[in-house]
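Chain and residue survey
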Amino acid sequence: MPELPFTFVKSPVWGKTADQLRHDVIDGSDPVTGKPVMQEIVDQLTTPVSAEDQTTRTISQSAGPGTFGPDTAESLQRMFIEKRMTDYLPIVLPTEERVDAMLKGTSRKPDEVVGHMSPTPGVYENWSYTVRQIAVNAVMAGADPKYLPVILAIASIGKESISSSDNSFTEAVVINGPIRDEIGLNYRIGSLGPFGHANATIGRAYTLLSINGGNCGKVGETYMGVIGNPMNYANIIIAENEKDSPWEPFSVRRGFKPNENVVSIFEGWGVISAKNSKHAVWSKDMNFAQELKDISNDQDQLFGILAVLSPTVADYMKSEGYDSVEKLTDFIFQSQDESTPHFRSKAQINILVTGSSNNLYWDYGGMHYVKSASIDEWS
Amino acid sequence: MDRRKMLALLGLSPVLAAVSPTFARTAAAFPEDAPGASSCDSGNGAVSVLNPAITTKFAERVPLAPRLSTLDGKTIYLVDTDWGGMQQNNGILEEIQKWFAQNMPAVKTVIKIKAGNFVTDDPGLWKEIAQNHGDGVIIGVAG
């Protein structure tokens, strides 16, 4: 929000001594405005705000015309890249006919406002989007109309998939319910990889919607990720393998009915294989619950842990006595001795089951639960 | 022809074809993107497309607080957002506090750590600052 008084300081500020902070930050200049930091702060506290900024109001900005063209497909593909409306990969051009076909995937009216989004809630302004605008992005992603209710449900949550944070966050989308089979989501071999059309295009549609519907991912303006995150291309789509899991689906544990179709969003740094952890055990002494507990205790406390288990690993844990996720979560949360637990609450520990049963691999990462939404409401 | 050989000639594995029934349908539905294919409306291969960004962007703005005419004799709260934990950020607010003590000694400063973390609200703290007659707030830091 341009009118809010910000003072930028030389980054980073953490990990510095008092002398470094004084020299680099306090006695330094705002790298954006060039003004001395403390003088700028004092000025912002004492310079009157305009009469307009003292009122409540709605602002609007134009994002250009409603249509582009007519032009050649090649030129339009280039235009989408130049306008930073894509992930830099080729798109399916969103002609009116294709968007109309996509809209047949829902009974909702095209002009209904589905939700709003910003590159970081509370920092940037919220942009709202309609069913039609989401359908345009779904077409660009190559999605099938029958995936649209899933994409609309994701959009209704309003969580940006590309945060402005210099952390380079990514999102995970957990999908539960019979719709997983109805639209062909892959939840078996390679379920987190590019091996299912629904998985790939739903995830990509979420990214494109965040760029075009939430003003996210504009490098230098609304995106400052230091390293970036390859998972931003299509997010982490996790259709749970409910059939082979020994436990209740995640959505049921969140209070939804077993036959409800539900999306749930997680945010964090992404997931990696637990095999690379120093706590990974690869012998006859394997104790997966203890391994998960040890890895959890190494995680940053900000986002907790998201463990993505294969059905085989989950079965092992069940055989170790954890016949429910709640019981397993209790074990992970408890400290090894009488000290304070590592995480602030049990809610920081989340466990999912997906993938195949051909080996004992599993993934984990620092990701926290954001929110769930019904897919059925968007059919 | 043997089905497996036919798929191999097409560059598809039997597994991919089996698990991706929608792919073929989607590709076939949009033939006009193929090089040289005609487009939907304008002839000469020209196409019109819809804008994927919102055509009008709306945002609600809340009124900004009136500014102070002077900081002399005022109480300014320095609020740590608790980004990444207070041990990582608190030092900068302490340095700001020292700066005010040295350069604007008539300003009283109070350091507070916001509850939760940098993405959570802390209505209790805002109430506390108002009740204690805080005149202004400097909130930081983000990273």
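Each value, and the rule that gives it
- Positions within a chain are numbered from 1, following the residues in the order the chain's sequence is written.
- All chains are assigned letters beginning with A, and all ligands numbers beginning with 1, in the order in which they are written.
- Only residues with pLDDT of 70 or above have their local features reported here, since the model is predicted, and side-chain atom pairs are shown and tallied only from 80 upward, although totals for entire chains, interfaces and linings are computed over all residues.
- Side-chain metrics rest on all non-hydrogen atoms present in the structure, leaving aside hydrogens and water.
- Helical segments are the DSSP runs of H or I of at least four residues, strand segments are the runs of E of at least two, and each set is numbered from the N terminus.
- Throughout this description, buried means an accessible area under 20% of the type-specific maximum (1.4 Å probe, protein chains only), exposed means over 50%, and partly exposed covers the range between.
- Contact definition: two residues touch when any of their heavy atoms are within 4.5 Å.
- In short, Shrake-Rupley with a 1.4 Å probe defines the accessible areas, and a residue's cover is counted only from the protein chains shown.
- Salt bridges are identified by distance alone: a Lys or Arg side-chain nitrogen within 4 Å of an Asp or Glu carboxyl oxygen.
- Here a strand pair is declared whenever DSSP counts at least two bridges between the two strands.
- In this analysis an axis means a line fitted to C-alpha atoms, helices contributing only their contacting stretch, and an angle means the value between N-to-C directions, from 0 to 180 degrees.
- Two aromatic rings, drawn from Phe, Tyr or Trp (for Trp, its six-membered ring), form a pair once their centres lie within 6.5 Å of each other, and the interplanar angle then sorts them: stacked below 30 degrees, edge-to-face above 60, tilted otherwise.
- In this scheme, the term charge over a ring applies when either NZ of a lysine or CZ of an arginine sits within 6 Å of the ring centre and within 35 degrees of the ring normal.
- Patches draw on residues past 30% relative accessible area with no salt bridge. Two like charges within 9 Å are joined, as are two nonpolar side chains (Val, Leu, Ile, Met, Phe, Trp, Tyr) within 5 Å.
- For this quantity, the arc is that covered by the directions from the helix axis to the C-beta atoms.
- Residue ranges labeled as domains rest on an automatic or database domain assignment.
- Summed over both partners, the accessible surface that disappears when two parts come together, traced with a 1.4 Å probe, is what is meant by buried area.
- Asp and Glu count as negative and Lys and Arg as positive, but His and the ends of the chain are not part of the count.
- Charge positions come from single atoms, namely NZ of Lys, CZ of Arg, CG of Asp or CD of Glu.
- Any pair of N or O atoms that falls within 3.5 Å is considered a polar contact. Within protein, one atom must be able to donate a hydrogen and the other to accept it, and sequence-neighbouring residues count only if both atoms are side-chain atoms.
- Working rule for angles: under 35 degrees goes down as roughly parallel, over 145 as roughly antiparallel, 65 to 115 as roughly perpendicular, anything else as oblique.

Time to look at the overall build of chain B. Helix and strand counts for chain B stand at five helices and five strands. Starting at the N terminus and walking to the C terminus, you meet the elements of chain B as α-α-α-β-β-β-α-β-α-β. Put simply, chain B has 143 residues, and 37% of those count as buried. Expressed as a percentage of contacts within chain B between residues at least 6 apart in sequence, the contacts between residues at least 24 apart total 61%. On chain B, roughly 8,100 Å² of surface is accessible, and the fraction owed to carbon and sulfur atoms is 58%.

With that settled, consider the pattern of salt bridges. Counted by the stated rule, this structure contains 16 salt bridges over all chains. Residue Lys 16 of chain A is joined to Asp 24 of chain A by a salt bridge in which the shortest nitrogen-to-oxygen separation is 3.1 Å. Close ionic contact of Glu 267 of chain A with Lys 159 of chain A constitutes a salt bridge, the shortest N to O distance being 2.9 Å. Note that Glu 267 of chain A is positioned in strand E7 (residues 262-268) and Lys 159 of chain A in the loop between helix H6 (148-157) and strand E5 (170-176), a separation of 108 residues in sequence. A single salt-bridge network, built from bridges that share partners, covers Asp 19 and Arg 22 of chain A together with Glu 95 and Lys 98 of chain B.

A few words now on the sheet that holds strand E11 (residues 362-365) of chain A. Residue and element names in this part refer to chain A. The strand order E8-E11-E9-E10 describes an open sheet built from four strands, whose pairing is mixed. Of all strands in the sheet, those with a lone pairing partner are strand E8 (272-273) and strand E10 (349-353), marking the two edges. For strand E9 (residues 305-309) and E11, the ladder comprises four bridges, and the chain directions are antiparallel. By the bridge assignment for E11, Ala 307 is matched with Tyr 364. The strands that helix H10 (residues 288-296) touches are E9, E10 and E11; relative to E11, the one it contacts most, it runs at about 25°. Its contacts with the sheet place helix H11 (residues 311-319) against E9, E10 and E11, and it is angled at close to 105° to E9.

Here the focus is the packing of aromatic side chains. Residue and element names in this part refer to chain A. Within this structure, the stated rule accounts for twelve aromatic pairs over all chains. Note on Phe 288 and Tyr 316: the rings are 5.4 Å apart at their centroids and 70° apart in plane angle, and the pair reads as edge-to-face. With Phe 288 in helix H10 and Tyr 316 in helix H11, the pair connects residues that are 28 residues apart, well separated along the chain. Judged by its relative accessible area of 1%, Phe 288 falls in the buried class. We classify Tyr 316 as partly exposed; its relative accessible area is 35%. Above the ring of Trp 378, the side-chain terminus of Arg 108 is found at 4.1 Å from the ring centroid. One residue, Lys 293, lies across the ring of Phe 331, its end atom 4.7 Å from the ring centre.

All names here are of chain A. Along the chain, Gly 69 connects to Pro 70 via a cis peptide bond; the corresponding omega equals 5°. Phi is positive for Tyr 88, close to 75°, though the residue is something other than glycine. The residue Tyr 88 is located in the loop between helix H3 (73-82) and helix H4 (96-103) in this model. The backbone of Asn 215 sits at a positive phi, close to 60°, despite the residue not being glycine. Along the chain, the position of Asn 215 falls in the loop between helix H8 (197-213) and strand E6 (236-239).

So, on to a nonpolar patch on the surface. Residues Leu 4, Phe 6, Phe 8, Val 32 and Val 123 of chain A make up a contiguous nonpolar surface patch of roughly 420 Å² in combined accessible area. Locating Phe 6 of chain A in the fold gives a position in the segment before helix H1 (18-26).

Let us now look at H4 of chain A. An α-helical turn contains 3.6 residues, so a residue and the one three or four places further along point in the same direction. Residues Arg 98, Val 99, Met 102 and Leu 103 of chain A constitute the buried set of H4 of chain A. The arc that holds the buried residues of H4 of chain A, viewed along the axis, is 140°, so those residues lie on one side. On its buried face, H4 of chain A is in contact with helix H5 (131-141) and H6 of chain A together with strand E1 (46-50) of chain B.

Another aspect to go through is the domain arrangement of chain A. Residues and elements named next belong to chain A. Its domain assignment divides chain A into domain 1 (1-54), domain 2 (73-245 + 260-270 + 371-378) and domain 3 (272-370). Using only C-alpha atoms to locate each centre, domain 2 and domain 3 end up separated by 28 Å. Counting residues at the interface gives 27 residues for domain 2 and 22 residues for domain 3. Taken together, both faces of the contact between domain 2 and domain 3 bury some 1,900 Å²; the carbon and sulfur share is 66%. Interface area lost by domain 2 to domain 3 is led by Phe 266, Glu 267 and Trp 269, which between them contribute 30%. Linking domain 2 with domain 3 are zero salt bridges.

Residues and elements named next belong to chain A. Taken together, the side chains of Asp 181, Glu 182, Asp 376 and Glu 377 make up a negatively charged region of the molecular surface. Here Glu 182 is to be found in helix H7 (residues 179-182). Take Glu 182: its relative accessible area is 52%, and that puts it in the exposed class.

For the rest of this paragraph, the subject is the environment of Tyr 124 of chain A. All names here are of chain A. Checked against the element boundaries, Tyr 124 lands in the loop between strand E3 (113-117) and strand E4 (127-130). We classify Tyr 124 as partly exposed; its relative accessible area is 23%. Counting along the chain gives 92 residues from Tyr 124 to Cys 216, while the straight-line C-alpha distance between them is 9.7 Å. Reaching out from Tyr 124, the side chain makes a polar contact with the backbone oxygen of Glu 221 at a distance of 3.2 Å.

Residues and elements named next belong to chain A. Direction vectors running N to C along H10 and H11 enclose 105°, while the axes themselves pass 8 Å from each other. One element, H10, and the other, H11, form an angle in the roughly perpendicular class. Two secondary-structure elements touch here, H10 through Phe 288, Ala 289 and Leu 292 and H11 through Val 313, Tyr 316 and Met 317.

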